[in-house]
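Each chain, letter by letter, is given below.
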Amino acid sequence: MIVKYGLPQKVIFCKECVQSNQRPGTSPEFVKKNLIVPTAEFDENGVCLTCKYFKQKKKIDWILREKKLCELLDKHRRTDGRFDVIVPGSGGKDSIYVAHILKYKYNMNPLTVTWAPHIYTDIGKKNFYNWLNAGFDNILITPNPKVHKTLTKKAFLNLLNPFQPFIIGQKNAAPRIALQFDVPLIMYGENQAESHVTSEDDLTSPLMKSEHFSTKNPNDEIFLSGVSEKQLYSEDNISKNDLLFYRPLPLEKIKKKKIEIHFFSHYYNWSPQKNYYYSKQQTGFETNEDGRSEGTYTKFSSLDDRIDGIHYYTMFIKFGQGRATSDACRDIRDGLITREEGVNLVKKYDGEFPKKYFSEILNYINLSKEKFWERINLARSEHLWEYKNEKWKLKHIVS
Ligand SMILES: [Zn+2]
């Protein structure tokens, strides 16, 4: 049997949420070289590390954490007309929440920074401008679409991860603007641990490690879409000049300017549902007009990019767990639904094909339907999928 992506052959589901042991974590190495890193461990009772983290979260003294936040903001607050904090985001509920609280509760002067979606949805664009209308300056970085499409297509074909170039560019956008405007404090919304704990570090640090958004040496080669930049030059008619926004800053510069990325979720008891109600009230944030997003039962997450559905679908093909699983895990851990309800929602919605923007996305990356499905089916690992009665079926479903 061929087990792909270094996944564990034996499929186990968490006893408390609906997560399996098939979802790998990300690490700087993963981002640089597209390696899959070991999957999160389960403890001796069959409970995933993320569920354990959510139990620990209940014991956190949030008043103390807020005090720490105030100290951090006091250290950075400026009254001389310059920006004092960068809030990266797209105008989704989470970035609205963070920027709004920093400005109106803590009197900071945020600059919001947006790495443009591949193709905006109508609702995403509306939410984005409603966010800014609530009183924010914004720098919108739109990567060269010719280059971005090429990278996205290549990432789909090489990694079955069309989102990878977007994520790399997004990660490096805020530090670049921070350097330019001399704003050392960057405030992200949620820490990785909120959705997927892969190491103990995720739990305790308010900071993103600088290795996630910098290179050791200015001349370090970068890896994108599954290949080195040199390969992009020779295979795709891409030049060094085309890759500036995908290139992390050298560590030396990050250190010299003391640029730090903090997670707001470290200081505030993070809740996507709470962020949704807050942003709806403060900026008129709107949810998916179809009532829910394809592949899941929720309506308020990842709404701005027409490629989102395909991104979650590729995750479902590679790891057997899709968008509904992610949402159900979160809601179970937050006590909003029971595990049983979560199981039913996964059975009903996980892996639903995102057909709404499918043709448009194929057009965007210049790929035929046949090639798309050929690549999808090549990506199925034998330990997860079987072909029966002319249909692909998952071998293991949460119960
Ligand atoms: Zn769990």
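See the structure shown above.
Residues numbered from 1 in each chain as written. Predicted model: local features only at pLDDT ≥ 70, side-chain atom pairs only at ≥ 80, totals over all residues. Heavy atoms only, no water.

Draft legend 1. Structural context of the environment of K153. The residue K153 is located in helix 6 (residues 145-159) in this model. Residues K153 and P110, 43 residues apart in the sequence, show an inter-C-alpha distance of 34 Å. (Helix = DSSP H or I, 4+ residues; strand = E, 2+ residues; numbered from the N terminus.)

Draft legend 2. View of unusual backbone geometry. In this structure, N107 takes a positive phi of about 60° despite not being glycine. Take N107: it is sitting in the loop between helix 4 (93-104) and strand 2 (110-115). Using a relative accessible area of 59% as the deciding quantity, one classes N107 as exposed. Residue L160 is not a glycine yet carries a positive backbone phi of 50°. Along the chain, L160 turns up in the loop between helix 6 and helix 7 (164-181). (Buried < 20%, exposed > 50% of the residue type's maximum accessible area, 1.4 Å probe, protein only.)

Draft legend 3. Just the coordination of the zinc ion, in detail. For the zinc ion, the full set of protein donor atoms is C14 (SG), C17 (SG), C48 (SG) and C51 (SG), and the range of their distances to it is 2.3 Å. What the four donor atoms of the zinc ion show is an angle range of 104 to 115° at the metal, which sorts the shape as tetrahedral. Expressed as a motif, the donor residue spacing for the zinc ion is C-x2-C-x30-C-x2-C. Residue C48 is classed as buried on the basis of its relative accessible area, which comes to 3%. (Donors = N, O, S within 2.8 Å, 3.2 Å for Na, K, Ca; no water. Tetrahedral: all angles 85-135°; square planar, octahedral: opposite > 155°, others 65-115°.)

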